[in-house]
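A look at the structure
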Amino acid sequence: MIRSSDRDIRWLPGFNWITLCFFLFLYLPLIILVIFSFNATRSATVWEGFSLQWYAKAFSNDDIQSAAKNSLIIAAVSTLFSTVFATMAAIALGRNREIKHKTAFGGLLLLPLMIPEIVTAVATLTFFTAINLSWGIGNIIIAHTVFCIPFAYLPIQARLRGLDASLETAARDLYSDRKTTLRLITLPLLAPGIFSGAMLAFIISLDDFIITMMVAEAGSTTLPIYIYGLVRTGVTPEVNAVSTVLLGISVIAVLMSQWFAKKQ
Amino acid sequence: MSFNRKTLLGLASAGLGLTATIASADGELQLYNWTDYTSPELIEKFETETGISVTVDTYDSGETLLAKLQSGAAGYDIAIPTHNFVPILISEGLVQPINASELEGYDRIVPNLASPWWDEGNVYSIPWHWGTTSFTVDTAVYSGDVDDYDVIFNPPEELAGQIAMFKSPDEVITMAQVALGLPFCSEDPNEMQQVLDLLMGQKPHVKTYNSDGILERLVSGDVSVHQNWNGYSLLARKEKPSLQYAFPEEGVVAWADSLVVPKGAPNYDNAITFIEFMLEPENIAIQSNSSGYANGVTGSEAFMDEGLKDAAELSPPEGTPLKFIESCSPKAVELQNRVWTALLK
Amino acid sequence: MSDLLERLRHYIGVLPATFMIVVFMLAPLTIIFVYSFLTPGDYGGVKFEFSTEAYTQLLFQKNLFDEVEFDTSYLTIAFRSIWVATVAVLGSLALGFPAAYYIAQQPESRRNTLLLLITIPFWTNLLIRTYCWILVLRDTGLINNLLIGLGLTDEPITMLYTEGAIALGLVYTYVPFMVLPIYAALERLDKRLIEASRDLYANRWTTLRHVTLPLASPGIVAGAILVFIPALGAFIAPDLLGGGKKLMLGSLVQLQFSAARDWPFGSALTMVIMSVVLICLLLFAVNQRRNEGGFQH
């Protein structure tokens, strides 16, 4: 995977090795996780033979499946909303000269980052109760959308800040239409930032435990909450099996997106 | 497959902001329990027998339960708080009367858990499980007498640095109080100073303060002594026979988790059905077999697994005092906080 | 009137995000602000009696005997958290910048694959991933077994329940927050800029310092914010990998809303943390805009 040619002028010695280490670092715990999901006994530490029993158990467990579905739906919807809102805000704050108090708006967008999770959790629960909001899974989606906004916003804003506004000015001269410029120039140039932001928002939502636990109404258990319950005694291969299945799904999703990209 | 409908509704309501999600259909029951504390087999049996479909949600601490019930919008039919939270829930008006004494099977509740001080006359609650909090020792590492609080608070050389304690201040402090022969919920600074001194002396020998992953740490040998509940100690021993649960003569901390019906429960009748179901010896035994804890229903022993009903962990030796924890006053909680902050600052 | 509408039209872009945050974050936060001036309820929650004790408590605490004394334990906890969060930022930067740079240099299709590879581990719950690190680090864990098996050491090296383990856990948790913004900033790095620089300076590292780093700086800033602030409140890594023997800001706040039943103090802590972070960010933003302004004109 790591291949660099010394002829490439941008190449920096050692960076490819650090990148390799970076990925090893990210994946080392997961390798262990996957291996022990096939363990024959309850232990998640000592290898005692190959077995698929934990997968059978995980697949026959309705609770796990509904928790996983809840999590995926919440993450997908919150990512969509937060990324769209963050992109709009980033473009407006980065390009529209008529907006005043940009620093204040920027600070406001980062607000959800600055509050410890448990406080957000308690405050949101109190607030939802006060306004009598009871939309089941919708409550969680609202809470997630809010705290995902800064995670989506920052990469997009970082990308936009580096983009040369003159490109857009030139486009405005050519097309003389704000919307066309946005569609043909700004958004495509922003795409890597939007992509990064959306991915951050997604994983943040997928992993959230404290806020979800507080805000969730009856019947909307998510995967982190469910898994937390299983971890009480210690990680069992069943947890590993569920996690491995999720990893599998994500790998398939990545492969599919690659495939679609190639077809285009 | 009520789930699919619910999520779709949830999605729709999120998108359109129109409808309420969880309709209280007849055949439903929303159960809110501690994590890892509900037998799937039991739920399945209940669903088959009654046709009521059960959803289980979990919480991680009594305070989470309290906060959610206080918020009033949670929509649970059954909750399972620890006994010292029952008076709080009653005085805060968060649970509704079930008049358990009129329910079928009430007379099967064992005498010492019937009409307890936390709910006289069982107006609001019936017992679910009861158990003790003490500690588990690996006898392969330490061969001396384990039934002694010195093993965990003032460990011999071979156990130094091999100790794990729970993460919650109340559970650590109550155990220290039993070891020192002090009352629970003390409002006396001198007594709490003794508790702090004991815990400070113990701290250098503690490897970690953590209430999760107990089994894992004990079985793998990461630690040799772990503050523990008796049920988890039993589960751990099944995987590693050298583990022994301690019953020091000073006594052990005891607790009883209870079934209550929150105010505003959408399916009150189903909740009552569930409570009567749980008073059947056969059913509560399924739950005990799964969790490893004793229950409060006479006759359930007949349905309990071999190795559970006569397990050492579940039968405190004759004469060992069982000290049921209490609901502490704000003043006592404040002192506990100061001890905890001073310990971990 | 139409003038006002015209002016409002400019704000349409910021409106949805602002609306969400004002309604669902600022409004709840107002509740927390009010709570911080009230008295703790008997069983959690608050009593509606005005009090500033939650704030004075930060520096002047009562000891067990109710004597009020100057107490630095909360300051100690705060500085410990700041220190740990700083280490997390530096560690993430050291590992994340080269990775982001490397990824940005790849052909486009491979770039996206690598980016997605970064996010895949996050499909697994953080708790589980942290537990896996325990299996790697502990005395009977993977690394020690390997070292002993290879005969490199007789006694296991203690790695788990150390401050190093906390740092490792935090870098592991937050490094993607650093890589993705830096990548987003570097992706547009024009090869010709580097060529020009190489013609002038003729050294890779000089180019890195004078061309690449300035271009990456918005990304680094964004990444530092995204790592620092959550790391300040982190408690899973300190609890699980560090052994939970020393309180962090995150666990301290958590405690107030659970076992300690002191919501006002938890709220006051939050207000203080938030104000400090907010002031730092604003100073930084003002400074940055001034610099940019100078550059443009």
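Because the structure is predicted, anything quoted here is derived from the model rather than measured.

Thresholds, definitions, all that
Residues numbered from 1 in each chain as written. Chains lettered and ligands numbered in written order. Predicted model: local features only at pLDDT ≥ 70, side-chain atom pairs only at ≥ 80, totals over all residues. Heavy atoms only, no water. Helix = DSSP H or I, 4+ residues; strand = E, 2+ residues; numbered from the N terminus. Expected span 1.5 Å × (residues − 1). Buried < 20%, exposed > 50% of the residue type's maximum accessible area, 1.4 Å probe, protein only. Contact = heavy atoms within 4.5 Å. Buried area = accessible area lost by both parts, 1.4 Å probe. Salt bridge = Lys/Arg side-chain N within 4 Å of Asp/Glu carboxyl O. Nonpolar A, V, L, I, M, F, W, Y, C, P; charged D, E, K, R; others polar. UniProt positions renumbered as here; feature names shortened; annotations may be inferred. Disulfide = S-S within 2.5 Å. Polar contact = N/O pair within 3.5 Å; in protein donor to acceptor, adjacent residues only side chain to side chain. Axes fitted to C-alpha atoms, helices over the stretch in contact; angles between N-to-C directions. Parallel < 35°, antiparallel > 145°, perpendicular 65-115°, else oblique. Left-handed = near helix turned anticlockwise from the far one by under 90°. Phe/Tyr/Trp six-rings, centres within 6.5 Å; stacked < 30°, edge-to-face > 60°. Patch = residues over 30% accessible without salt bridge, like charges linked within 9 Å, V, L, I, M, F, W, Y side chains within 5 Å. Areas by Shrake-Rupley, 256 points an atom, 1.4 Å probe, with all protein chains shown as cover. Lys, Arg positive; Asp, Glu negative; His and termini not counted. Charge placed at Lys NZ, Arg CZ, Asp CG, Glu CD.

**Some words on helix H12 (residues 330-344) of chain B**
Residue and element names in this part refer to chain B.
- Spanning 15 residues, H12 covers 21 Å between terminal C-alpha atoms, matching the ideal 21 Å at 1.5 Å per step.
- The buried count for H12 comes to 11 of 15 residues, which makes it a mostly enclosed element.
- All of the buried residues in H12 are Ala332, Val333, Leu335, Gln336, Asn337, Arg338, Val339, Trp340, Thr341, Leu343 and Leu344.

**Remarks on the interface of chain B and chain C**
- Across the contact, 40 residues belong to chain B and 32 residues belong to chain C.
- Approximately 3,100 Å² of surface area, both sides summed, lies buried where chain B meets chain C, with 55% of it carried by carbon and sulfur atoms.
- At the junction of chain B and chain C, the tally comes to 4 salt bridges.
- Notably, a salt bridge pairs C:Arg261 with B:Glu63, separated by 3.5 Å at the nearest N-O pair.
- Sorting the residues of the side of chain B that touches chain C by element identifies helix H3 (62-71), helix H4 (86-91), helix H7 (189-202), strand S6 (206-209), helix H8 (214-220) and H12 of chain B as the ones contributing at least two each.
- By residue number, the principal contributor to the side of chain B that touches chain C is H12(B), which donates 10 residues.
- Here the side of chain B that touches chain C is composed, by residue class, of 18 nonpolar, 10 polar and 12 charged.

**Description of the pattern of salt bridges**
- Under the counting rule described, the total for this entry stands at 16 salt bridges over all chains.
- Here B:Asp138 ties to B:Lys240 by a salt bridge, and the two come within 3.1 Å at their closest N and O atoms. Here the residue B:Asp138 occupies a position in strand S4 (residues 125-138), and B:Lys240 occupies one in the loop between helix H9 (230-239) and strand S8 (243-245), the gap between them amounting to 102 residues.
- Among the residues examined, B:Lys240 registers a relative accessible area of 18% and is labelled buried.
- The network of salt bridges with shared partners includes A:Arg159, C:Arg111 and C:Glu187.

**Focus: the environment of C:Leu115**
- Within the fold, C:Leu115 resides in helix H5 (residues 108-119).
- In this structure, the C-alpha to C-alpha distance between C:Leu115 and C:Leu180, residues 65 residues apart in sequence, is 7.8 Å.

**Notes on the environment of B:Pro116**
- Mapping B:Pro116 onto the fold places it in the loop between H4 and S4.
- Along the backbone, B:Pro116 and B:Pro127 are 11 residues apart, and their C-alpha atoms lie at a distance of 9.7 Å.

**Observations concerning the UniProt feature "transmembrane region" (unreviewed entry) in chain A**
All names here are of chain A.
- Here, UniProt's "transmembrane region" (unreviewed entry) annotation points to residues 12-38, 72-93, 105-131, 137-156, 182-204, 210-229 and 241-261.
- The span residues 12-38 is 81% helical and 0% strand by assignment, and the distance between its end C-alpha atoms comes to 41 Å.
- A distance of 31 Å separates the end C-alpha atoms of residues 72-93, which is 100% helix and 0% strand.

**Description of helix H11 (residues 281-291) of chain B**
Residue and element names in this part refer to chain B.
- The buried fraction of H11 amounts to 8 of the 11 residues, a majority that puts the element mostly inside the structure.
- Along H11, the residues that are buried comprise Pro281, Asn283, Ile284, Ala285, Ile286, Gln287, Ser288 and Ser291.
- Buried residues belonging to H11 abut helix H2 (40-50), S4, H9, helix H10 (268-278) and strand S10 (294-295).
- Looking at the residues trailing H11, positive phi occurs at Gly292, about 85°.

**A few points about the state of the cysteines**
- Per the stated rule, a full pass over the model turns up 1 disulfide over all chains.
- Disulfide pairing places B:Cys185 opposite B:Cys328 at an S-S distance of 2.0 Å. Every disulfide takes its handedness from the sign of the S-S torsion; for B:Cys185 and B:Cys328 that torsion is -75°, giving left-handed. With B:Cys185 in the loop between helix H6 (169-180) and H7 and B:Cys328 in the loop between strand S11 (322-324) and H12, this residue pair connects regions lying 143 residues apart in the sequence. By the burial criterion, B:Cys185 is buried, and B:Cys328 matches it.
- Unpaired in terms of disulfides, A:Cys21 finds its nearest cysteine sulfur in C:Cys132, a separation of 20 Å.
- A residue is classified by how much of its surface remains accessible, and A:Cys21, at 44% relative accessible area, is partly exposed.

**Description of the interface of chain A and chain C**
- Counting from both sides, the interface comprises 101 residues of chain A and, opposite them, 102 residues of chain C.
- When chain A packs against chain C, the two sides together hide about 9,700 Å² of surface, and 79% of this comes from carbon and sulfur.
- With a shortest N-O distance of 3.0 Å, C:Arg129 and A:Asp207 are connected by a salt bridge.
- If you look at where chain A meets chain C, you find 9 residue pairs in polar contact (both at pLDDT 80 or more).
- Take the side of chain A that touches chain C: its biggest share by element is 14 residues, from helix H1 (residues 15-36) of chain A.
- Of the residues in the side of chain A that touches chain C, the class split is 72 nonpolar, 18 polar and 11 charged.

**Observations regarding the side chain of C:Thr173**
- Structurally, C:Thr173 is set in helix H8 (residues 163-186).
- Setting aside residues no more than four positions away along its own chain, C:Thr173 makes contact with C:Phe122 and C:Leu126.

**Let's talk about the packing of helix H3 (residues 62-95) of chain A against helix H8 (residues 178-207) of chain A**
Residues and elements named next belong to chain A.
- Where H3 meets H8, the closest approach of the two axes is 8 Å, and the angle between their N-to-C directions is 140°. Judged by the angle between their axes, H3 and H8 are oblique. Between H3 and H8 lies a crossing of right-handed hand. Facing H3, whose interface residues are Ser71, Leu72, Ile74, Ala75, Ala76, Ser78, Thr79, Ser82, Thr83, Thr87 and Ile91, H8 presents Leu182, Thr186, Leu187, Leu190, Ile194, Ala198, Ala201, Phe202, Ser205 and Leu206.
- When grouped by side-chain class, the residues that make up the contact of H3 with H8 number 13 nonpolar, 8 polar and no charged.

**Focus: the packing of aromatic side chains**
- Counted according to the given criterion, the structure contains 41 aromatic pairs over all chains.
- Considering the side-chain rings of A:Phe25 and C:Tyr172, the 5.3 Å spacing of their centres and the 85° angle between planes classify their relative orientation as edge-to-face. Of this pair, A:Phe25 sits in helix H1 while C:Tyr172 sits in helix H8, placing the two residues on different chains.
- The buried category is assigned to C:Tyr172, whose relative accessible area is 2%.
- Joined through ring pairs, the aromatic side chains of A:Phe15, C:Phe97, C:Tyr101 and C:Trp205 make up one cluster.

**Quick word on a negative patch on the surface**
- Together, A:Asp62, A:Asp63, B:Glu41 and B:Glu44 make up a negatively charged patch on the protein surface.
- Listing elements by their share of the negative patch, those giving two or more residues are H3 of chain A together with H2 of chain B.
- For B:Glu44, a relative accessible area of 55% corresponds to the exposed category.

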